[in-house]
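# Descriptive analysis of the structure
Residues per chain are reported as follows:
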2 protein chains.
Amino acid sequence: MVANLPPLPTNKNNNGFPSSHIDSSLPYSSFIHFNRGDKVALESYWRKMSEECAVVTKGWEFMSYASDWSNSVCWFMTPELIDAIKRLHALVGNADTDDSHLVVGNGATQLFQAALFALSSSPSLSPHTPINVVAAAPHYSGYPDEADMVCSGLYKWGGDALKYDKNEAYIEIVNYPNNPDGNIRTTPVVDNRYGCEGKLIHDLVFYWPHYTPITHKAKHDLMLFSLSKCTGHNGSRIGWAIVKDIDIARKMTRFIVLNSKGVSKESQTRAAKIMEVLCDSYQSLRFDGYNKESELFFEYSRRVLKERWEKLREVINKNGDFILHNKFSQRAYCNFRNESSETYSAFGWLMCKKDEDCAIYLEKKLKVVARSGNRFGSDPKFARIEMISTGDDEFEEFLDRLSNIKEIN
Amino acid sequence: MVANLPPLPTNKNNNGFPSSHIDSSLPYSSFIHFNRGDKVALESYWRKMSEECAVVTKGWEFMSYASDWSNSVCWFMTPELIDAIKRLHALVGNADTDDSHLVVGNGATQLFQAALFALSSSPSLSPHTPINVVAAAPHYSGYPDEADMVCSGLYKWGGDALKYDKNEAYIEIVNYPNNPDGNIRTTPVVDNRYGCEGKLIHDLVFYWPHYTPITHKAKHDLMLFSLSKCTGHNGSRIGWAIVKDIDIARKMTRFIVLNSKGVSKESQTRAAKIMEVLCDSYQSLRFDGYNKESELFFEYSRRVLKERWEKLREVINKNGDFILHNKFSQRAYCNFRNESSETYSAFGWLMCKKDEDCAIYLEKKLKVVARSGNRFGSDPKFARIEMISTGDDEFEEFLDRLSNIKEIN
C-alpha cells in the first residue's frame, strides 16, 4: 500500500526542508514512509493467527485501577501478563526473570522515563544537579527528546556516552541490538576515570530472535522490553521492565501511577494472550511435532527480515551512491534457533557516499521519508531505513526507486 | 466484600502512622478502604450490560501506533472514540465539542500533565522560571504530586489559588464538582492584581449527571474528562481533553507521544463501545419509549449515590463526632434530567468535630482508610470518604461501624 502524501504529523520531525523543495518532475506519485515505526510486514502472520489470538472483553471487566491491591510491587500489572512474559523469556532464553521484579508500562517509552525517575531520585545524588543521561552514538533518537521533554531537575540528556568526560554522576543507556545500526554492544562505554556513580539502563527491545542471534540470557539490573518490537503490536502500548532492585521497581511503579495511574488492562490481557499463542505454537512443535515452521512467529518474521535484507544489500551494492553501515559481521550461534546466524536488524543504517544529507537526498530524489542521522547523535550523511514498517509492495517499490536512481539523475 | 488487611500499596500514601498503632481490641477483622478510587458500586450495572458492551479483538488488529497518519491533530485517537465522545457530550449536554479538538490520553492524569506541558511552553513565558500551578484548596490531592513529580523546569506546584499573590504567570486548575468536597465553582479564584498571564485548565471529570445537576454546557478553553469518573471503567485508562486552541492540542499530543507513544487502541475501542451502548439506551427510551429507567446508566448510578448519601447523612447526624462539609445547598435544575436535584458528590468531606486528625481517627477507631485533609491542601481534621468505591455490603459495614463508634469508645 503506497499512501498519498500526508502532511507530516506533529510527532515526526521532518528533515528540515519543506516538501515544496521536492522535485515535481519525479515519476513517483506517493511518498514511502520509513519514519513511523510500525510493523506492517508482521501483520500477515497475525492475520493467520487471528482467531487463536482473539480476546473478548465483557462490559463489567477491568473496572479497577488495580490487579492486586496487596503488596505486589507493580499492583496494576495483571497476573496473566506476568506469567506470559516469564514464559516467553523462558522459551526464547533472552532474559533472566528470576529474582527480579516486573513492571508494566505504556510502552518501553514510559518505562524509560520511569527508569530515569527511579535512578535519579537516589538519596546519594546531589539534590540540585540533574543526572546526565548518555548513550553511545548513534543512539535511538527518542532518548534525548524524552529525557529533556519537561526540563526535569532530576535528569537531563548528556549526549554521546563515548564522549562523556564529566566528573558527575550519570545514567548510561546500553541498547542492543542498537537502534539505529543494529550493533551488538552489551557493555557500557563511559570512560569513568573520575570514578563517578554510574547507573545502567539496558534497552533490549530488539533482543529477539527475528532480529539477532540469542547468544546469552541477559541478566542486567534494569532491562526494558516491549510488545511493539517483539510481536509488532504497537497500538497496544505494552512494555515491561525486568528490575533486580525492589526499591527501583517500586519507584518506577510510582512514576507510572503519577504519570497515568497504571496501564490499560485491555492491552495487558491481549498482550498476554498473544504471548501465550506464540509460546503454544513452539510448544506444539517441540512436544507434538505437528507445527510447521511457517506457523512459528520468530521463523516467519526472521524470514521476512532476511529476504528484505538480502534484496536491499543487492540493490545498494549495485547502486553505488550509498553504503549500508550495519555491522554484518556479527554472525553468532543462536541458542534459541540452534544454529549460527546473522543479525537482521529492524533498521538499515544508510550512508550517502556523496557526503550529502542522506534523508534529504532520499526525500528529494526518491520520495522516501527516512529519519536523518543527526536525530541519532550522528552525521546527517546517515539516515535510518525501517525494514518492516511497510508491506511487501511498498518495500519492493522502495527497492525499485533505489535501483532506478541513476536513471532519474 | 471486606478484604483482609493488605499492606498499603506503594501508590497510596498512608496517613503517617504504622498499622501497629491500631487498637488491637477493635471488633473489626478487616479494613475498609476509601482511598483507592475504584467504582465498585457501578459494576453491577455493567454486569447487566455485559454482553451489549462486549468487544472482540482479533490477532491482527491495532498493530499501528496511529489511527490516522494524515494531518489530524491527535493522530493516535480512533475515529470511533471521537464520534462516541461527541455523541455522549451531545446527549448529556455537559460540554461543547464544536470548534474544538479532542486529545485522548492515558486517563485525565496524563492529560493534566500534557496540559501543563502545553500551557507552560508558550514563547511569551520566561524560559527559565517554572510557571506556578495553583488550585483552590481543598483541591485534588494528585495535582501537587503530578506537577512536581520530576521537578520540571517548565511548571511547578504553586499551592492554594485562593492565596496566590505572586507577580508571576500561573496556571489555575478549576475543578467542578470539586474533588474532594463536591463544590460547584465554575470560575477561577486567583486575585490577579498584578495582571499576570493566567491560563486555565478546567478539570470536569466529575461533571456528569449522576454526581451533579447539568446546569450548563461547558465551553472552556481546555477541559478534561475521563472514562473512569463517567462510567467507572478505571482499568481502561481513558481520558480526553476538549481543547479550543489547535496549537495547545498539538502540544498536548506531542507530550503524549514523547511520554507513551499514544494510548492503547484496545481501550479506546472498548471505551467507544461502552459510550455507544450508554447513549443507545437513552435513545431507546426517548425515541422508542421501551427502556426502563433502571436500565439507564446515569439513573442507576445516581440512585446508588443518592441512597448512600441519605444513609451517610443520617448516620453522621446521629453520630455527633463528625460533620459533613459538602455543600448540600447546591440544588439546581438539571437540563439532562429535566428536574431540580441535589449534587451527590463522589466523595464525602468529613470533619472531626474534636479537632483530631480525622483520617487517623477513622483508621484507629473504625479500621477505615480515608485520605487525610492535608493531602488536599487542607486541614488534617478533614478526611475524604469515597462514596462508590466499595460494594453495598462494605458500605453498610462502614455505616454500622460509624453508628457504633460510641459503644467502642
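Everything below is about the structure shown above.
Definitions and cut-offs
- Residues numbered from 1 in each chain as written.
- Chains lettered and ligands numbered in written order.
- Predicted model: local features only at pLDDT ≥ 70, side-chain atom pairs only at ≥ 80, totals over all residues.
- Heavy atoms only, no water.
- Helix = DSSP H or I, 4+ residues; strand = E, 2+ residues; numbered from the N terminus.
- Buried < 20%, exposed > 50% of the residue type's maximum accessible area, 1.4 Å probe, protein only.
- Areas by Shrake-Rupley, 256 points an atom, 1.4 Å probe, with all protein chains shown as cover.
- Polar contact = N/O pair within 3.5 Å; in protein donor to acceptor, adjacent residues only side chain to side chain.
- Contact = heavy atoms within 4.5 Å.
- 1 Å grid on protein atoms, 1.4 Å probe; cavity = no way out; pocket = protein on both sides within 12 Å on 5 of 7 lines; lining within 4 Å.
- Points joined across faces, edges and corners; volume = space filled by probe spheres on them.
- Nonpolar A, V, L, I, M, F, W, Y, C, P; charged D, E, K, R; others polar.
- Buried area = accessible area lost by both parts, 1.4 Å probe.
- Salt bridge = Lys/Arg side-chain N within 4 Å of Asp/Glu carboxyl O.
- Core = buried A, V, L, I, M, F, W, Y, C linked by side-chain atoms within 4.5 Å.
- Pairing = 2+ DSSP bridges.
- Least-squares fit on C-alpha atoms with pLDDT ≥ 70 in both.
- Axes fitted to C-alpha atoms, helices over the stretch in contact; angles between N-to-C directions.

## Here's the deal with the overall build of chain A
When helices and strands are counted, chain A shows eleven helices and 16 strands. Scored against the burial criterion, the 409 residues of chain A give a buried share of 62%. Of the roughly 14,900 Å² of accessible surface on chain A, a fraction of 48% belongs to carbon and sulfur atoms.

## Describing the side chain of H233 of chain A
On the secondary structure map, H233 of chain A appears in the loop between α5 (227-230) and β9 (238-243). Judged by relative accessible area, which is 0%, H233 of chain A ranks as buried. Of note is the side chain of H233 of chain A, whose polar atom sits 2.7 Å from the side chain of T231 of chain A. Excluding anything up to four places from it in sequence, H233 of chain A contacts W46, L227, S228, R270 and I274 of chain A together with G59, E61, F62 and M63 of chain B.

## Points about the layout of surface pockets
In this structure, the second largest pocket encloses a volume near 650 Å³. D38 and V40 of chain A together with S64, A66 and W69 of chain B are, among the 27 residues lining the second largest pocket, the residues nearest its centre. Residues that form the lining of the second largest pocket fall into these classes: nine nonpolar, eight polar and ten charged.

## Brief notes about the interface of chain A and chain B
The partner chain B presents 76 residues to the 76 residues of chain A that form the contact. Taken over both partners, the interface formed by chain A and chain B buries close to 6,400 Å², and the fraction arising from carbon and sulfur atoms is 54%. It is M63, Y65 and W69 of chain A in chain A that bury the most area against chain B; as a group they hold 13% of the surface buried on that side. Across the salt bridge formed by R270 of chain A and E266 of chain B, the nearest N and O atoms sit 2.6 Å from each other.

## A short note on the nonpolar core
Counting 248 residues, the largest nonpolar core has M252 of chain A together with M252 of chain B as the members making the most contacts within it. Setting aside its immediate chain neighbours within four residues, M252 of chain B contacts V103, L111, A114, A115, A118, L222, A241 and V243 of chain B.

## Details of the pattern of salt bridges
All names here are of chain A. With the rule as written, the count across this model stands at 38 salt bridges over all chains. We note a salt bridge from D392 to R308, for which the minimum N-O separation is 2.8 Å. Taken together, the positions of D392 in helix α10 (residues 392-403) and R308 in helix α8 (residues 297-319) put the pair 84 residues apart, joining distant regions of the chain. Each of R87, E276 and D280 takes part in salt bridges that share partners, so that together they form one network.

## Brief notes about the sheet that holds strand β10 (residues 322-324) of chain A
All names here are of chain A. Taking strand neighbours across the sheet as the criterion, the four strands line up as β10-β13-β16-β15 in an open arrangement whose pairing is antiparallel. Since the sheet does not close on itself, it has two edges, and those belong to β10 and β15 (371-372), each with one partner. Pairing geometry for strand β13 (residues 347-352) and strand β16 (residues 382-386), over five bridges, is antiparallel. Paired with F347 across the strands is E386, a residue of β16.

## Looking at the relation of the copies chain A and chain B
In screw terms, the move from chain A to chain B is a rotation of 180 degrees and a rise of 0.0 Å along the axis, fitting with an RMSD of 0.0 Å. In the structure described here, the two chain copies are related by an operation that fits a two-fold rotation axis. When the interface residues of chain A are mapped onto chain B, 100% of them again fall at the interface, so both copies present the same face.

## Side note on the environment of H33 of chain A
Residues and elements named next belong to chain A. If you trace the backbone, H33 turns up in strand β1 (residues 32-33). Accessibility expressed as a relative area gives 8% for H33, which makes it buried. Placed 357 residues apart in sequence, H33 and T390 show a C-alpha to C-alpha distance of 7.8 Å.

## Considerations on the sheet that holds strand β6 (residues 170-175) of chain B
All names here are of chain B. With mixed pairing, the seven strands of this open sheet are ordered in space as β3-β9-β8-β7-β6-β4-β5. Both edges of this open sheet fall to β3 (101-106) and β5 (155-160), since each of them pairs with a single strand only. Each strand of the sheet is rotated relative to its neighbour by a mean of 25 degrees, with strand direction disregarded. Relative to strand β8 (residues 222-226), strand β7 (residues 198-203) runs parallel, the two sharing two bridges. Directly across from D203, in β8, lies its bridge partner L224. Across the face of the sheet, helix α6 (residues 246-260) comes into contact with β3, β8 and β9 (238-243) while running at roughly 20 degrees to β3.

## What about the environment of K318 of chain A?
As for its placement among the helices and strands, K318 of chain A is situated in helix α8. Taking the C-alpha atoms as reference, K318 of chain A lies 9.6 Å from L402 of chain A; in sequence the two are 84 residues apart.

## Here's the deal with the pairing of strand β13 (residues 347-352) of chain B
Residue and element names in this part refer to chain B. Of all six residues in β13, six are buried; the element is thus mostly enclosed. Of the two faces of β13, the one carrying F347, W349 and M351 and the one carrying G348, L350 and C352 are both buried. Across three bridges, the pairing between strand β10 (residues 322-324) and β13 is antiparallel. Its bridge partner lying in β13, I323 is registered against M351.

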